Amino acid sequence: MSNRMWGGRFASGPAEIMEEINASIGFDKRLAPQDIRGSLAHVAMLGAAGILPADDVAAIEAGLKSVRDEIEAGRFVFKRELEDIHMSVESRLTEIVGPAAGRLHTARSRNDQVATDMKLWVRDTLDSLDQQAADLQRALAETALKHAGTVMPGFTHLQSAQPVTFGHHCLAYVEMLARDRGRFRDARARLNECPLGAAALAGTSFPIDRHATASALGFDRPTANSLDSVADRDFALESLAAASICAVHLSRFAEELVVWTSAQFNFVKLSDGYTTGSSIMPQKRNPDAAELVRAKSGRIIGALTGLLVVMKGLPLAYSKDMQEDKEGTFDALQALSLCLAAMTGMVKDLEPNAEVLARAAGSGYATATDLADWLVRELGLPFRQAHHVTGRLVGAASAKGVGLEELSLSEMQEAEPRITDAVYAVLGVANSVASRTSYGGTAPDNVRAQAQGWIERLG
């Protein structure tokens, strides 16, 4: 029996293992909505261009809508022997409308069809991810506004550096997500050219209107080169790259939540809704949601790496290797969506431990830079000299096991005789953060203004 897709060239069906390796219906069935949208645009164009008679166009359109309804209702039967979503839809269409269904594939190939489907799916998903990232930004900005004055330690090298506020820390991730959203939008803008009508690789001799199908599907324009149209998977690579960077941002925040919720830090608390227990240790409260966000960055980055390796050696135009674009892209972007949702939930759920944060903010001589700045500002010392004097005072405080603010004035004057008791005003952590009024600094008034600005922009 000849293969119904490949026609008379093949006298029999594929070997069992060939069917196993070749079939993609198990994962590309999620492209069904996009496949039907593309087919509806294509058949409408064929009718408008006079390539298909109006009766066939009407029958095919009605049949495609029936197939769409069956899929949406869960009544559609996906058959492995039909290989992919394109042939599955066409086969069912043939059952519904008869021979006219065979005219739908006029002036197109599965090569341009799948490229169009994938672009539509990725575009839809980027729009959804952008909205999810905005939701997370909003949750972070609202938390920042609430905790604009909640002092916490700022770290470099994971060592206490200078005091900041919890709100300021949250706003750092708002900025990261803004860049992520910019990358999503950039990727969307570049992919928004329609491959449909490029056919297998060389275009078609039929008088098609590619601008019409591009417009009907919401693309800015048709792709300009038929070879590139079917060979290109840049849109998937760029989207995976943007997703990978976003996943890294989420992973960094997840790591902080894992550390902060530990008994040793006790900086924040997550409720039962975002933690789990232990099967053997009844005291445990594990930040599993954060840990899973941290871990899923690996599979997202892996999908990008995997597709780069698939594409790196392919000659133009289409090769079956490119079927491997789907599972990784589907999985990675779905994983990122889950991570964004989980992180948004955790941000709304977490409760900072203000007392512990304030105590930790003052540890590790975190106001040493404030002391050095005071020496420059009030005594006119060159910063390098002020740095040296401050280092001596930190050493003296460390030797006594006290904070800088607990050194006596006479002890300070041993390092620099001109120091006065006015210096104590800059040594408290609250004074320290309040003084950081430069644009982008951690002063509570700055944080409130930035947070309120983001909330207004996000709507």
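Scroll up for the structure.
Residues numbered from 1 in each chain as written. Predicted model: local features only at pLDDT ≥ 70, side-chain atom pairs only at ≥ 80, totals over all residues. Heavy atoms only, no water.

Section: the pattern of salt bridges
Scanning all chains against the criterion turns up 26 salt bridges. As a salt-bridge pair, Glu238 and Arg190 come within 2.5 Å of each other at their nearest N and O atoms. With a gap of 48 residues between them, Glu238 in helix α10 (residues 234-260) and Arg190 in helix α7 (residues 166-191) connect regions that are remote in the sequence. In this structure Arg190 comes out as exposed when scored by relative accessible area, which is 53%. Notably, a salt bridge pairs Arg294 with Glu255, separated by 2.5 Å at the nearest N-O pair. Within this pair, whereas Arg294 is found in helix α11 (residues 288-311), its partner Glu255 is found in helix α10, the two being separated by 39 residues in sequence. Judged by relative accessible area, which is 30%, Arg294 ranks as partly exposed. What emerges from the salt-bridge pattern is a single network uniting Glu83, Asp84, Arg110 and Lys320. (Salt bridge = Lys/Arg side-chain N within 4 Å of Asp/Glu carboxyl O. Helix = DSSP H or I, 4+ residues; strand = E, 2+ residues; numbered from the N terminus. Buried < 20%, exposed > 50% of the residue type's maximum accessible area, 1.4 Å probe, protein only.)

Structural notes on the packing of aromatic side chains
We describe a pair of aromatic rings using the distance from one ring centre to the other and the angle between the two ring planes. Applying the stated criterion across every chain, the model contains six aromatic pairs. Considering the side-chain rings of Phe76 and Phe78, the 4.7 Å spacing of their centres and the 55° angle between planes classify their relative orientation as tilted. Using a relative accessible area of 10% as the deciding quantity, one classes Phe76 as buried. Owing to a relative accessible area of 29%, Phe78 belongs among the partly exposed residues under this scheme. On the basis of an interplanar angle of 75° and a centroid distance of 6.5 Å, the ring pair of Phe253 and Trp260 is categorised as edge-to-face. Take Phe253: its relative accessible area is 3%, and that puts it in the buried class. An aromatic cluster of three or more residues is present, and its members are Phe166, Tyr173, Phe253 and Trp260. Lying across the ring of Phe219, Arg123 places its NZ or CZ 4.7 Å from the centre. (Phe/Tyr/Trp six-rings, centres within 6.5 Å; stacked < 30°, edge-to-face > 60°. Lys NZ or Arg CZ within 6 Å of the ring centre and 35° of its normal.)

Some words on a nonpolar patch on the surface
A grouping of Ile17, Met18 and Ile21 is seen on the molecular surface, where their side chains present a nonpolar patch of about 340 Å² in accessible area. Judged by its relative accessible area of 37%, Met18 falls in the partly exposed class. (Patch = residues over 30% accessible without salt bridge, like charges linked within 9 Å, V, L, I, M, F, W, Y side chains within 5 Å. Areas by Shrake-Rupley, 256 points an atom, 1.4 Å probe, with all protein chains shown as cover.)

As for the layout of surface pockets
Of the pockets and cavities examined, the largest pocket occupies roughly 560 Å³. Around the largest pocket, the lining comprises 20 residues; the ones closest to its centre are Phe155, His169, Tyr173, Arg252 and Glu256. When residues of the lining of the largest pocket are traced back to their parent elements, those giving at least two are β1 (151-156), β2 (159-165), α7 and α10. (1 Å grid on protein atoms, 1.4 Å probe; cavity = no way out; pocket = protein on both sides within 12 Å on 5 of 7 lines; lining within 4 Å. Points joined across faces, edges and corners; volume = space filled by probe spheres on them.)

That's the geometry; what it means functionally is another story.
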